[in-house]
Amino acid sequence: MTSGRWRPPALVAGSLALHGAAAVALAAAPQQWPWLLGLALADHAAMAQACLRPRSRLLGPNLTRLPAAAAARGEVALTFDDGPDPEVTPRVLDLLAARGARASFFCVGRRAAAHPEIAAAAAAAGHRLENHTHTHPGHFALRGPRVMEREIAGAQEAITHACGRAPRLFRPPAGFRAPWTDLVLHRSGLALATWTRRGFDAVARDPRRVADRLLRGLAAGDVLLLHDGGGARDRGGRPVVLEALPRLLDALAARGLRAVPLPAPDEAAAA
Ligand SMILES: [Zn+2]
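Predicted model, so just to flag it, every value in this text is computed and none were measured.

Cut-offs and rules
Residues numbered from 1 in each chain as written. Predicted model: local features only at pLDDT ≥ 70, side-chain atom pairs only at ≥ 80, totals over all residues. Heavy atoms only, no water. 1 Å grid on protein atoms, 1.4 Å probe; cavity = no way out; pocket = protein on both sides within 12 Å on 5 of 7 lines; lining within 4 Å. Points joined across faces, edges and corners; volume = space filled by probe spheres on them. Helix = DSSP H or I, 4+ residues; strand = E, 2+ residues; numbered from the N terminus. Nonpolar A, V, L, I, M, F, W, Y, C, P; charged D, E, K, R; others polar. Buried < 20%, exposed > 50% of the residue type's maximum accessible area, 1.4 Å probe, protein only. Pairing = 2+ DSSP bridges. Right-handed = clockwise from strand over helix to strand, strands pointing away.

S.K.: Would you mind showing me how to read the layout of surface pockets here?
M.R.: To find the voids left in a structure, one rolls a probe of water-molecule size over its atoms. Considered as a void within the structure, the second largest pocket measures approximately 200 Å³ in volume. Contributing to the lining of the second largest pocket are 15 residues, with Glu 75, Val 260, Pro 261, Leu 262 and Pro 263 lying nearest its centre. Mapped by element, the contributors of at least two residues to the lining of the second largest pocket are strand E8 (258–260) and helix H11 (265–270). Here the lining of the second largest pocket is built from residues that sort into nine nonpolar, no polar and six charged.

What follows is the structure in structure tokens.
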């Protein structure tokens with residue numbers, strides 16, 4: 001599934017042009033090699049920076065916040081990564097239902113395949129299930145286009161099968177990507193989505209601090225990142241997200257903000 005022709009993102013196009021020009025220059029004036037090498041290294045450093053910055057747009061379109069119309073309505077997007085988890089996700093769904101909040105779940109495909117009833121329950125409750133790779137591989141951003149394609153297609157199939165709706169958005173593990181991720185996503189018909197704020201609930205053990213981190217300076221339109229799979233536990237052994245989420249939802253309500261799922265780009269344009 002593709003929509004229109006793919007155009008290389010500015011940084012990728014610039015980098016390819018630079019390398020082409022450097023090759024021509026090297027052939028014409030080989031004695032200039034130290035300058036040309038320096039230029040190539042600087043280009044690679046800029047590329048690495050962009051790959052490791054989840055919120056960067058230099059490697060292609062990236063949904064980091066809600067559209068202006070949604071922000072004007074006082075909406076914030078709640079997103080949960082790395083589930084579904086049989087212990088945590090059903091309780092997250094209960095907490096959201098109790099407060100009338102809806103969210104996006106960036107699911108790991110093989111976990112959705114292992115717990116399809118949880119994925120189906122989330123979808124039935126009005127939440128969105130999106131793509132977060134099939135196996136959540138370490139160093140996803142260092143993998144070639146073929147592995148990326150396989151990871152994305154595997155999750156797409158497993159999540160669609162579990163909940164009856166195909167994901168529209170993709171979030172790479174840790175938000176890191178490669179210069180070719182944008183092309184792979186274009187071919188898969190998916191859009192990249194990251195976040196504006198994260199609570200570090202996958203590593204932080206104090207739920208109060210996780211909620212505070214998300215809430216300090218929070219504004220309508222923000223996209224919040226939490227985890228319903230593989231998250232940290234507090235000193236009592238409870239999943240941190242289950243303690244932090246009620247605090248967060250109560251604070252959102254007190255500020256007149258409403259939690260919603262992230263829209264796909266065409267829905268965002270129509271909002
Ligand atoms: Zn993840």
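Anyway, onward from the coordinates.
S.K.: How do you make sense of the pairing of strand E2 (residues 104–107) when you look at a structure like this?
M.R.: A regular strand places its side chains so that they alternate between the two faces of the sheet. Going residue by residue along E2, you find Ser 104 and Phe 106 tucked away on one face and Phe 105 and Cys 107 tucked away on the opposite face as well. Sheet topology places strand E1 (residues 75–81) next to E2; three bridges connect them, and they run parallel. Bridge assignment links Asp 81 to a residue of E2, and that residue is Phe 106. For the crossover from E1 across helix H4 (residues 89–98) to E2, the handedness is right-handed. Two strands pair when backbone bridges link them, and E2 and strand E3 (residues 128–131) are joined in this way by four bridges, in the parallel orientation. Considered in E3, the bridge of Cys 107 is made with Asn 131.

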